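Descriptive analysis of the structure
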Amino acid sequence: MAVKDDVMAALAAVADPAGGGSIARTGRAAGLVVKPDGQAGLVLAVDGLDRTAAERLQAAVEAAVQRVPGVTSARIILTADRAAAPAAGARPQQTTVPGIRKLVAVASGKGGVGKSTVAANLAFALARAGQSVGLLDADIYGPSVPTLLGISGRARVENDRLQPETRHGIKALSMGMMTDPNKAIVWRGPMASAALVQMVEQCDWGALDVLVIDLPPGTGDVQLTLAQKLKPDGALIVSTPQDLALIDARRAVAMFAEVGVRVLGVVENMAGYSCPSCGHVSDPFGHGGAEREAEVMGVPFLGRIPLQMSVRQAADAGQPISGEAAAIFDDIARGVMITVGL
């Protein structure tokens, strides 16, 4: 009974978005059952809430229950017996990761195209748009997120769960926070895939609107594990304009299509360089290749990010970018939010 009492206390700390106190007090949470093996289940009424509010409440309840020591899993059954608000639209769906409304993967067919920089600044842009955001560095062999966010030191563990670090309004976890930065990670594919799943499912993310996952380049075990086990709501493909990168971007798009993950669109990175001295604009990697390729593949083109010194400096300093490039990411984030339903 102690675990059940602890779960009830956790529910009493979750506010009803419609007002009136906690969901335990207003009756939205009912029928709590905790089995001897630690599986917790309850009924959550989402009537009268629009889709976004209902999904956020579901995520908050899942996160609160999962944090209770002794709880091994949480099953939330959604009901809407009373008339729902007209804006509710489709019923909220059960998420694959408790507490997280949406999973968005950032991928590339090859390395060196700035994928991690795009993933980090997409996360920053989503946070600026009012979303609760997490960033998972799933690039097991070349983790960049600690540098991009200015994180040093090892990840903490509390109650057998990894604790993400919070920087610039987002929560982040990386293999680089769990290993010696001076040593190579020499793992076979299955080990890397298992590490990805553990970092998602055994991390205390809390309630998130979206978890951005920075995938390693290529189309191997880690990408397949993400698609099959975690079932992301969509994948964003990063490429430079040059033909060599676009060949591999096509493979990435094809892989996600084969495993049933929606491609949210293509981002063209390092597109055009403006000389800070004379203002002349050149295209060392070409121009427009990713946009043309997106049209050929029938997927959205989300934006073009210029090759700028300020982007590199912000990345090395562990800071969000600003100015023109930040505005481009804000537009990309709005497109992602609309597509995945945030």
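Report follows, based on the coordinates.

Definitions and limits used
- Residues numbered from 1 in each chain as written.
- Predicted model: local features only at pLDDT ≥ 70, side-chain atom pairs only at ≥ 80, totals over all residues.
- Heavy atoms only, no water.
- Helix = DSSP H or I, 4+ residues; strand = E, 2+ residues; numbered from the N terminus.
- Rg over C-alpha atoms; globule rule 2.2 N^0.38 Å.
- Lys, Arg positive; Asp, Glu negative; His and termini not counted.
- Charge placed at Lys NZ, Arg CZ, Asp CG, Glu CD.
- Polar contact = N/O pair within 3.5 Å; in protein donor to acceptor, adjacent residues only side chain to side chain.
- Contact = heavy atoms within 4.5 Å.
- Axes fitted to C-alpha atoms, helices over the stretch in contact; angles between N-to-C directions.
- Parallel < 35°, antiparallel > 145°, perpendicular 65-115°, else oblique.
- Nonpolar A, V, L, I, M, F, W, Y, C, P; charged D, E, K, R; others polar.
- Pairing = 2+ DSSP bridges.
- Buried < 20%, exposed > 50% of the residue type's maximum accessible area, 1.4 Å probe, protein only.
- 1 Å grid on protein atoms, 1.4 Å probe; cavity = no way out; pocket = protein on both sides within 12 Å on 5 of 7 lines; lining within 4 Å.
- Points joined across faces, edges and corners; volume = space filled by probe spheres on them.
- Core = buried A, V, L, I, M, F, W, Y, C linked by side-chain atoms within 4.5 Å.
- Left-handed = near helix turned anticlockwise from the far one by under 90°.

So, the overall build of the protein chain
Helix and strand counts for the protein chain stand at 11 helices and 15 strands. Taken over the C-alpha trace, the protein chain has a radius of gyration of 21 Å; the compact-globule value for 342 residues is 20 Å, and the two agree within 12%. A principal-axis box enclosing the C-alpha atoms of the protein chain has dimensions of 70 × 50 × 40 Å. Counting 31 positive and 33 negative side-chain charges, the protein chain places the centres of these two groups 3 Å from one another.

Points about the side chain of S193
If you trace the backbone, S193 turns up in helix α6 (residues 189–201). Side chain to side chain, S193 and T225 meet in a polar contact 3.2 Å long. Excluding anything up to four places from it in sequence, S193 contacts D221, V222 and T225.

Here's the deal with the environment of A249
Following the sequence through the fold, A249 ends up in helix α8 (residues 243–258). When the C-alpha atoms of A249 and V238 are compared, they prove to be 7.4 Å apart, with 11 residues separating the residues in sequence. Once residues within four sequence positions are removed from consideration, A249 is found in contact with G109, I237 and S239.

A few points about the packing of helix α4 (residues 115–128) against helix α11 (residues 323–340)
For the pair α4 and α11, the least separation of the axes is 8 Å and the interaxial angle reads 75°. Viewed along their axes, α4 and α11 adopt a mutual orientation that is roughly perpendicular. Side by side, α4 and α11 meet where T117, V118, N121, L122, A125, L126 and R128 of the first sit next to A326, F329, D330, I332, A333, V336 and M337 of the second. Class assignment for the residues of the contact of α4 with α11 results in 10 nonpolar, 2 polar and 2 charged.

Details of the sheet that holds strand β8 (residues 165–167)
Pairing in this open sheet of 8 strands is mixed, and the strands run β8-β9-β5-β10-β4-β11-β12-β15 from one edge to the other. Of all strands in the sheet, those with a lone pairing partner are β8 and β15 (301–304), marking the two edges. Neighbour to neighbour, the strand axes of the sheet diverge by 25° on average, direction disregarded. Pairing of strand β4 (residues 100–107) with strand β11 (residues 234–239) involves 4 bridges; the strand directions are parallel. Across the sheet, A107 pairs through a bridge with I237, a residue of β11. The sheet strands contacting α4 are β4, β5 (133–137), β8, β9 (170–174), β10 (208–214) and β11, and the helix crosses β10 at an angle near 170°.

With respect to unusual backbone geometry
Glycine aside, residues mostly have negative phi, and peptide bonds are mostly found in the trans state. With a phi angle near 50°, K231 is a residue other than glycine that sits in the positive phi range. Structurally, K231 can be placed in the loop between α7 (221–230) and β11. Positive phi, close to 60°, is recorded for M270, a residue that is not glycine. Within the secondary structure layout, M270 lies in the loop between β12 (263–268) and β13 (273–274). Take M270: its relative accessible area is 17%, and that puts it in the buried class.

As for the sheet that holds strand β2 (residues 39–45)
Two orientations exist for strands paired in a sheet by backbone hydrogen bonds: parallel and antiparallel. Taking strand neighbours across the sheet as the criterion, the 3 strands line up as β1-β2-β3 in an open arrangement whose pairing is mixed. In this open sheet, the two edge strands, each paired with only one partner strand, are β1 (29–34) and β3 (73–79). Between one strand axis and the next, the sheet turns by 15° as a mean value, whatever way the strands run. Relative to β3, β2 is paired through 7 bridges, and the arrangement is parallel. Of the residues in β3, the one forming a bridge with G41 is R75.

Examining empty space enclosed by the protein
Unfilled space is identified by rolling a water-sized probe across the atoms. Applying the stated criterion to the full structure yields 1 cavity of 30 Å³ or more. T117, A120, N121, F124, L148, V311, A314, A315, Q319 and I321 are the residues that line the largest cavity. Secondary-structure elements contributing two or more residues to the lining of the largest cavity are α4 and α10 (309–317). Here the lining of the largest cavity gets 4 residues from one element, more than from any other, and that element is α4. A breakdown of the residues in the lining of the largest cavity according to their chemical character gives 7 nonpolar, 3 polar and no charged.

Remarks on the nonpolar core
In summary, soluble globular proteins display a tendency toward joint burial of nonpolar side chains. Core analysis: the biggest nonpolar cluster contains 85 residues, and L135, L149, V212, L236 and I332 have the highest contact counts within it. With residues near it in sequence (within four places) discarded, L135 still touches A119, A120, A123, V145, L149, I170, K171, A172, L173, W205, L211 and V212. Counting residues in each nonpolar core, the second largest holds 22 residues, with A29, V61, I76 and L78 among its members.

Brief notes about the packing of α6 against α7
Closest axis-to-axis distance for the α6/α7 pair is 8 Å, and the angle between their directions is 40°. One finds that α6 runs oblique with respect to α7. The crossing of α6 and α7 is right-handed. Seen from α6, the contacting residues are G189, P190, A192, S193, L196, V197, V200 and E201; seen from α7, they are D221, V222, T225, L226, K229 and L230.

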